[in-house]
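# Per-entry structural report
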Amino acid sequence: MNNTIFALATAPGRAAVAVLRLSGPEVREALRQVGAGGLKPRRASLRTFVDADGEALDRGLAIWFPGPASYTGEDCAELHVHGGVGVVDGVSDALRALGLRLAEPGEFTRRAVQNGKLDLGQAEAVGDLIDAESRAQSRQAISQLNGALGDRHQAWRGQLIAILADLEAAVDFPDEELPLDVMNRSPVPLERLLRDLETAIEEGVRGLQVRQGYRVGLVGAPNAGKSTLFNALLNRDAAIVATVAGTTRDTLEASLDLEGYKVLLCDMAGLGNPGDVIEAEGMRRAKAWAELADLRVWVVDHAGTGDEWRSGLDLIQAGDLLVLHKSDRPGSGAERVATEAAERLGLSKVYTNHLPGGSDTLRKWLSSRIPDDLGGSDFPATTRARHVLQLTQAREHVERALKAPAQPELAAEDVRLAMRALAQVTGAIGVDDVLDRVFATFCIGK
Ligand SMILES: Nc1nc2c(ncn2[C@@H]2O[C@H](COP(=O)(O)OP(=O)(O)OP(=O)(O)O)[C@@H](O)[C@H]2O)c(=O)[nH]1
Ligand SMILES: [Mg+2]
């Protein structure tokens, strides 16, 4: 019975209901043994669950999902029991005593992939859906679970098979009477595919931002008010605010939800001349985070004097935001020169302060900018570095294939490699069906 697995599908701990999930060849027999025999497929039935001695463990619902029309493709079942630790342990012990094994992490979904119920992208989407902290994350995962990734790759695969068929024909039957344009017609679909792949790779940036969180870094001089803004955006006292310049040294990350998108906000050390090794390390970390951020909020003291306003300017990029903070105090030369620098770089500008409602302008600006950056008519199907990597490999092969128009055998090899790279995204490896298509579409063979 070792191949039949079970696991608690709900979170452990006290709850109204807990769901135990079972999958494998011995599920039907196990159900019978724990007092849940005679179930109708996919119908919830009330049963008293018992152990091997016939002692009642709980009364709850049992559902039987005979394979292959089940999540894993195998025989599956769910036991809905009362969510007390004692009940869950009792039923788990009874299942273990019958020889069922506790599932490994992700094992149900892995079986679903192995049995062809889900492709790899969909399996990843299941994980993303469970981890989703914002509406955008869950929407993106659902679109992937519905097969966004698989559908697209299926279409590309079809295109590559057709291209390969042309190229194979040119290689294998050079003297036969091929349609004249066969040799010349593959560049057009290959070029179109190349553009599609490039778009998909670019989309990957957005897909990752939605899935992992859009990274916003607060950059500026010590004492500019970064931690004050960090706390205001988070609505809690997360970072220490003090009159001492150089209060924040570590990079502090916290996530917040803006318009349904997950945002990863980072407070960091003020930039300038470090007083000691700790400050120097803090500034090094701050710069590293800011460079990788999707957006830098350049915080400048509205009432600042001297050259402090410049801090962090070298990190700021077009499209970032200038925040003139402490706007409750009279503006100074810093306001003017920072504004000029911002105009040169094409930055937007807002005014904030620590008074109630004083950071609303910043929140509003972010709430419009982030959905603008991440939104679109669809969520991208490219959501992880793994997808981007495979797509980049596929693009390289398509590019190479395009460079070898006079050598169809070389081009064919690159098209095959491109297919392999794409197949790895969805986990559908195997290019043998290409040959079938060659003959089916061309009718050249006998
Ligand atoms: N008048 C005024 N003072 C402010 C405002 N915001 C923050 N301060 C004060 O400015 C000082 C520095 O604020 P912080 O938020 O700690 O500044 P920081 O940029 O995080 O500073 P470091 O962590 O040292 O880099 C504190 O004494 C705050 O009380 C504001 O809008 N107006
Ligand atoms: Mg600080």
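The structure under discussion appears in the preceding block.
Chains are numbered independently. Their residues run from 1 in the order of the written sequence. A letter from A marks each chain and a number from 1 marks each ligand, given out in the order of writing. Residue-level local features of this predicted model are given only where pLDDT is at least 70; pairs of side-chain atoms are given and counted only at 80 or more, and the full residue set underlies all totals for whole chains, interfaces and linings. Note that water and hydrogens are dropped before the side-chain values are worked out from all heavy atoms of the structure.

## Brief notes about the site of ligand 1
The environment of ligand 1 is made up of 22 residues, and the closest members are Lys-226, Thr-228, Gly-246, His-325 and His-354. His-354 has a polar backbone atom sitting 2.7 Å from an oxygen atom of ligand 1. For ligand 1, the accessible surface in isolation is 660 Å², of which the surrounding protein chains cover 89%. Numbering of helices and strands runs from the N terminus; a helix is a DSSP stretch of H or I covering at least four residues, while a strand is a stretch of E covering at least two. The greatest single-element share of the shell around ligand 1, amounting to three residues, is contributed by helix 9 (residues 226-234). Here, proximity means that at least one heavy atom of the residue falls within 4 Å of the molecule or strand. Contacts described as polar in this section are N or O atom pairs within 3.5 Å, which, within protein, must combine one atom able to donate a hydrogen with one able to accept it, while residues neighboring in sequence count only if both atoms come from side chains. Accessible surface area values rest on a Shrake-Rupley calculation with a 1.4 Å probe, where residue burial reflects the displayed protein chains alone.

## Thoughts on the nonpolar core
To define a nonpolar core, start from buried Ala, Val, Leu, Ile, Met, Phe, Trp, Tyr and Cys residues and group those joined through side-chain atoms within 4.5 Å. Type-normalised accessible area, obtained with a 1.4 Å probe on protein chains alone, sets the label of each residue: buried when under 20%, exposed when over 50%, and partly exposed for intermediate values. Val-216, Val-297, Leu-362, Leu-366 and Ile-370 are the most contacted members of the largest nonpolar core, which totals 29 residues. Where this core is concerned, the elements lending two or more residues are strand 7 (214-220), helix 9, strand 8 (252-258), strand 9 (261-267), strand 10 (295-301), strand 11 (321-325) and helix 12 (360-374). Considering each element in turn, this core owes the most residues, five residues, to helix 12. It only takes one pair of heavy atoms within 4.5 Å for two residues to be counted as in contact. Residue contacts for Leu-362: discarding those within four places in its chain leaves Leu-229, Leu-233, Val-297, Leu-321, Val-323, Val-350 and Thr-352. With 23 residues, the next largest nonpolar core counts Trp-156, Ile-163, Ala-200 and Met-419 among its residues.

## With respect to the side chain of Thr-383
Relative to the helices and strands, Thr-383 is located in the loop between helix 12 and helix 13 (385-403). Among the polar contacts listed, one links the side chain of Thr-383 to the side chain of Gln-144, at a separation of 3.0 Å.

## Points about the coordination of the magnesium ion (ligand 2)
Think of the donor list as every N, O and S atom within 2.8 Å of the metal, or within 3.2 Å for Na, K and Ca; water never makes the list, so a site can look incomplete. Within the protein, Ser-227 (OG) and Thr-248 (OG1) serve as the donor atoms for the magnesium ion (ligand 2), at 2.0 Å. A residue pair is termed long-range when its members are at least 10 positions apart, and Ser-227 in helix 9 and Thr-248 in the loop between helix 9 and strand 8 qualify at 21 residues. Given a relative accessible area of 8%, Ser-227 falls into the buried group.

None of the figures reported here should be taken as evidence of function without further support.
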